[in-house]
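Residue-level structure breakdown
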Amino acid sequence: MEQRVSLITLGCRDVAAASAFYGALGWTRVETPEGIVVFDLVGQALGLYPLDDLARDMGVPVDRLGTGAATYAHNVRDKADVAALLDRARAAGGTVLREAHDVFWGGHIGYFADPEGHVWEIAHNPFSRLGPNGEFRWEGYGA
């Protein structure tokens, strides 16, 4: 298995509402067959898929699926961008779980949940500079 992620699929009870939320954050959908919504990202894609269908595809009961103890991180270039993006998520119908704040390792983070409960971390990491297209690497992209 190559060390990469191609597609992150979020199971959604209301795909249309989830799609509208990500659209309000400024993301653009790509053309897809009916039944799935996809946003191309830098190097991978994010899919929104009906939760019942996802459970069926996996062969597990839908109540076994949930939003779980996972976060999806979106790193930003500047510290002030953390609060600005949390405000945008709130305005789009998301729930801010924790406002922007400094953390012990020297970064600045905050958390929001989308309307389906999927948790996003918004982070500024001054030690991991983003690439020219927003690419993230743990060790950063140089000076």
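Residues numbered from 1 in each chain as written. Predicted model: local features only at pLDDT ≥ 70, side-chain atom pairs only at ≥ 80, totals over all residues. Heavy atoms only, no water.

The biggest cluster of nonpolar side chains holds 20 residues, and the ones touching the most others in it are Tyr22, Leu48, Phe112 and Ile122. Among the elements of the structure, strand E1 (7-12), helix H1 (15-24), strand E3 (37-40), strand E4 (45-50), helix H3 (80-91) and strand E8 (119-124) are those that each provide at least two residues to this core. Membership of the second largest hydrophobic core comes to six residues, among which are Tyr49, Leu54, Val60 and Leu65. (Core = buried A, V, L, I, M, F, W, Y, C linked by side-chain atoms within 4.5 Å. Buried < 20%, exposed > 50% of the residue type's maximum accessible area, 1.4 Å probe, protein only. Helix = DSSP H or I, 4+ residues; strand = E, 2+ residues; numbered from the N terminus.)

Volume-wise, the largest pocket comes out at about 920 Å³. Taken together, the elements giving at least two residues each to the lining of the largest pocket come down to strand E5 (72-75) and E8. Looking at which element gives the most residues to the lining of the largest pocket, the answer is E5, with four residues. (1 Å grid on protein atoms, 1.4 Å probe; cavity = no way out; pocket = protein on both sides within 12 Å on 5 of 7 lines; lining within 4 Å. Points joined across faces, edges and corners; volume = space filled by probe spheres on them.)

Here we come to helix H2 (residues 51-58). Residues lying three or four places apart along an α-helix face the same way, a consequence of the helix completing one turn every 3.6 residues. What H2 keeps buried is the set Leu51, Leu54 and Ala55. Seen from one end, H2 has its buried residues packed into an arc of 100°, which puts them on one side. Those residues of H2 that are exposed and aimed more than 90 degrees away from the buried face are Asp52 and Arg56. Next to the buried residues of H2 lie E1 and E4. Of the residues one or two after H2, Gly59 is the one with positive phi, at around 80°. (Arc of directions from axis to C-beta. Contact = heavy atoms within 4.5 Å.)

This part takes up the environment of Phe39. With respect to the helices and strands, the residue Phe39 is situated in strand E3. Note on Phe39: relative accessible area 1%, which makes it buried. Apart from the residues lying within four places of it in its own chain, the contact partners of Phe39 are Ser19, Tyr22, Gly23, Trp27, Thr28, Arg29, Ala45, Leu46 and Leu48.

The next subject is the environment of Trp138. Mapped onto the elements, Trp138 comes out in the segment after E8. Given a relative accessible area of 69%, Trp138 falls into the exposed group. As a C-alpha pair, Trp138 and Asn125 span 13 residues in sequence and 9.4 Å in three-dimensional space.

With that out of the way, let us pick up the sheet that holds E1. The sheet built from four strands is open, its strands ordered E1-E4-E3-E2 with mixed pairing. Where the open sheet ends on each side, the last strands, each with one partner, are E1 and strand E2 (29-30). Note that E2 and E3 share two bridges and pair antiparallel. The residue bridging Arg29 from the neighbouring strand is Phe39, located in E3. Contacting E1, E2, E3 and E4, H1 crosses the sheet at an angle of about 155° to E4. (Pairing = 2+ DSSP bridges. Axes fitted to C-alpha atoms, helices over the stretch in contact; angles between N-to-C directions.)

The buried fraction of strand E7 (residues 108-113) amounts to five of the six residues, a majority that puts the element mostly inside the structure. In this sheet, E7 lies alongside strand E6 (residues 95-102) in antiparallel orientation, the contact comprising five bridges. In the sheet register, Arg98 faces E7, and the bridge partner there is Tyr111. Following E6, the chain reverses through five residues before pairing antiparallel with E7; Gly106 in that reversal takes a positive phi of roughly 105°. Pairing analysis gives six bridges linking E7 to E8, with the strands arranged antiparallel. Residue Gly110 lies in a different strand from E8, and its bridge partner there is Ile122. Between the antiparallel neighbours E7 and E8 lie five residues, among them Gly117 with a positive phi of about 95°.

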